[in-house]
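Summary of the model geometry
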Amino acid sequence: MKVTTAALPLLPLFQRLLPGLPGLPGLPGLPAVPGLPDLASLPGRLTGLSLTLLKASALEAAILAGHLLLYPSGIIQERRPIQTLRPTDAQDAQDPHPSPPPPRLPAPVSPPVVLLHGFIDNRSVFLLLRRSLAQHGRHEIESLNYSPLTCDIRTAAELLGRHIEEICERTGSERVDVVGHSLGGLIARYYVQRLGGDLRVRTLVTLGTPHAGTKVVPLANAHPIVRQMRPGSAVIEELTRPAPGCRTRFVSFWSDLDRVMDPLETACLDHPDLSVQNVRVSGIGHLALPVHPTVATGIRQALDTAGPETDVETDTDTGKHHGGLTVA
């Protein structure tokens with residue numbers, strides 16, 4: 001009993017470290033002490049958390065190593081399909097009385113998908129996601145590289161808009177879907193909210209995007225575009241402004257082990273005028289979001305249906321949708 005009594009001054013510390021512990025009945029002779037009987041499970045819980053962090057860190061290191069090998073292959077801008085004349089078209093061009101053209105097949109139900117990478121990256125980060133989308137029926141998939149020297153999110157958003165207009169003109173599609181990783185999601189969101197891109201973007205999926213700004217790596221402020229990703233920047237402030245009637249649906253994937261997001265919840269999108277679904281991903285870090293097959297499945301569901309079908313809930317107060325993916 002004396003040992004237990006001596007430990008009582010430490011209880012506020014444990015309650016601060018483990019705020020989710022429920023209140024439980026007290027010990028004999030002592031008043032009820034919330035969380036005290038669960039302290040015995042603390043070592044096991046910390047061990048489990050450490051193992052999860054260790055696995056996530058090892059996966060991040062492996063992905064980084066593989067991405068460094070693939071990075072040179074994605075430096076060159078993606079080649080655009082070249083429209084060529086079919087043999088019948090060439091014959092018709094020479095024939096003064098050409099036969100009527102065959103009826104056109106209906107346009108595909110799924111719109112083209114545009115992939116937009118993050119800061120100091122390129123399209124090679126989407127190699128596995130692109131393959132997954134193609135294997136499940138998405139045949140119009142294009143990536144846009146923007147220069148690492150780009151210093152303004154607004155300029156990058158204008159470039160994205162021109163790219164999407166060219167895709168729509170070439171494919172005959174009126175709208176596209178966009179998947180943006182990290183900074184790429186912020187650029188795409190700026191295009192949708194501030195440059196009228198909701199006319200062209202049906203669904204915007206963001207992966208680890210600092211929607212409310214991130215405070216990680218203060219020394220990186222030397223780069224102007226990093227300063228625009230800070231909380232309270234002019235760009236972040238613009239994105240909090242009203243966006244009535246926005247036609248784009250947003251799905252934001254955020255990870256509970258994402259060390260690039262500070263705080264973690266900055267990767268959740270919260271805006272009263274936007275149709276938003278926030279999906280929490282457990283067990284992986286920032287670099288794994290565009291790579292992990294479980295996340296790829298969630299992205300496909302987000303593009304093909306109303307949202308991921310796993311553990312989706314609606315907040316009755318805000319109307320926002322929440323979901324979850326556990327990958328490790």
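Whatever comes next refers back to the structure up there.
To keep things clear, this report deals only with the structure shown in the data block.

Cut-off values and rules
Residue positions are counted from 1 within each chain, in the order its sequence is given. Local features in this predicted model are restricted to residues of pLDDT 70 or higher, and side-chain atom pairs are both shown and tallied only at a pLDDT of 80 or more, whereas totals for entire chains, interfaces and linings draw on every residue. No hydrogens and no water enter the side-chain calculation; it runs on all heavy atoms of the structure. Strands here mean DSSP runs of E at least two residues long; helices mean DSSP runs of H or I at least four residues long; both are numbered from the N terminus. Using a 1.4 Å probe on the protein chains alone, a residue whose accessible area is under 20% of its type maximum counts as buried, one over 50% counts as exposed, and one in between counts as partly exposed. Every residue pair with non-hydrogen atoms within 4.5 Å of one another is taken to be in contact. Identification of polar contacts relies on pairs of N or O atoms within 3.5 Å, with a donor-acceptor requirement for protein atoms, meaning one able to donate a hydrogen and the other able to accept it, and with residues adjacent in sequence counted only if both atoms are side-chain atoms. Whenever Lys or Arg places a side-chain nitrogen within 4 Å of a carboxyl oxygen from Asp or Glu, that contact is recorded as a salt bridge. The span expected for a helix works out to 1.5 Å for each residue beyond the first. For every element, the axis is a line fit to its C-alpha atoms; helices are fit only across the contacting stretch, and the angle between N-to-C directions ranges from 0 to 180 degrees. Should an angle fall under 35 degrees it is taken as roughly parallel, and over 145 as roughly antiparallel, whereas 65 to 115 is taken as roughly perpendicular and any remaining angle as oblique. As a working rule, the residues Ala, Val, Leu, Ile, Met, Phe, Trp, Tyr, Cys and Pro are called nonpolar, Asp, Glu, Lys and Arg charged, and the rest polar, with Gly in that last group. The definition of a nonpolar core used throughout is a set of buried Ala, Val, Leu, Ile, Met, Phe, Trp, Tyr and Cys residues joined through side-chain atoms within 4.5 Å. DSSP bridges decide pairing: two strands pair if at least two such bridges lie between them. Handedness of a crossover: with both strands directed away from the viewer, a clockwise path from the first strand across the helix to the second marks it as right-handed.

This brings us to the overall build of the protein. Of the regular secondary structure elements, the protein holds 10 helices and eight strands. Here the protein, with 328 residues, has 43% of them falling under the buried criterion. Sequence-distant contacts in the protein: of pairs separated by 6 or more residues, those separated by 24 or more amount to 76%.

Turning our attention to the side chain of Asn145. Tracing the sequence through the fold places Asn145 in the loop between β2 (141-144) and α6 (153-171). The buried category is assigned to Asn145, whose relative accessible area is 9%. At 2.9 Å, the side chain of Asn145 and the backbone nitrogen of Arg123 are in polar contact. Every residue in contact with Asn145, bar those within four places of it in the chain, is listed here: Gly74, Ile75, Ile76, Gln77, His117, Asn122, Arg123 and Leu159.

A cis amide bond links Asp262 with the next residue in sequence, Pro263, at an omega value of 0 degrees. Residue position: Pro263 is located in the loop between β5 (249-255) and β6 (275-282). Of note, the phi angle at Ile120 is positive, near 50 degrees, even though the residue is not glycine. Of the residues examined, Ile120 reaches a relative accessible area of 51% and is grouped as exposed. For Ser182, which is not glycine, the phi dihedral falls at a positive 55 degrees. Along the chain, the position of Ser182 falls in the loop between β3 (176-181) and α7 (183-194).

Moving on, we come to the pattern of salt bridges. The full count for this structure, using the stated rule, is 12 salt bridges. When the shortest N-O distance is used, the salt bridge between Arg154 and Glu238 registers 2.9 Å. Of the two residues, Arg154 is situated in helix α6 and Glu238 in helix α9 (residues 234-239); the sequence distance between them amounts to 84 residues. Linking Arg194 and Glu238 is a salt bridge whose minimum nitrogen-to-oxygen distance equals 3.6 Å. Of this pair, Arg194 sits in helix α7 while Glu238 sits in helix α9, placing them 44 residues apart in sequence. Using a relative accessible area of 11% as the deciding quantity, one classes Glu238 as buried. Residues joined by salt bridges that share partners form a network here, namely Arg138, Asp177, Arg202 and Asp304.

What follows is about helix α10 (residues 293-304). Between its first and last C-alpha atoms α10 spans 16 Å; for 12 residues at 1.5 Å apiece the expected length is 16 Å, and the two agree. Those residues of α10 not exposed but buried are Val295, Ala296, Gly298, Ile299, Arg300, Ala302 and Leu303.

Pairs of packed helices are described in terms of their axes, by the angle between the two and the distance that separates them. Put simply, α6 and α7 touch, their axes get as near as 8 Å, and they point 75 degrees apart. The orientation of α6 relative to α7 falls into the category roughly perpendicular. Contacts between α6 and α7 involve Ile153, Arg154, Ala156, Ala157, Leu160, Gly161, Ile164 and Glu165 from the former and Leu183, Leu186, Ile187, Ala188, Tyr190 and Tyr191 from the latter. For the contact of α6 with α7, a count of residues per class yields 11 nonpolar, one polar and two charged.

Let us now look at the nonpolar core. Core analysis: the largest hydrophobic core is formed by 34 residues, its most contacted members being Ile153, Leu160, Ile164 and Ile187. For this core, the secondary structure elements donating two or more residues are β1 (113-116), α6, β3, α7, β4 (201-207), α8 (224-227) and α9. With residues near it in sequence (within four places) discarded, Ile187 still touches Leu116, Tyr146, Ile153, Ala156, Ala157 and Leu160. Leu133, Val205, Phe253 and Val295 belong to the second-largest nonpolar core, a separate cluster that totals 25 residues.

Going residue by residue along β2, you find Ile141 and Ser143 tucked away on one face and Glu142 and Leu144 tucked away on the opposite face as well. Taken together, the four bridges between β1 and β2 define a ladder with parallel strand orientation. Bridged to Val113 within β2 is Ile141. Assessed by its sense of winding, the connection that carries the chain from β1 through helix α5 (residues 127-135) to β2 is right-handed.

Once that is clear, we can look at the pairing of β4. Of all seven residues making up β4, six are buried, and the element is well covered by its neighbours. Across six bridges, β3 lies against β4 in parallel orientation. Bridge pairing links Val178 to Leu204 in β4. Crossover connection from β3 via α7 to parallel β4: handedness right-handed. Two elements, β4 and β5, share five bridges in a ladder whose sense is parallel. Its bridge partner being in β5, Leu204 is matched across the sheet by Phe250.

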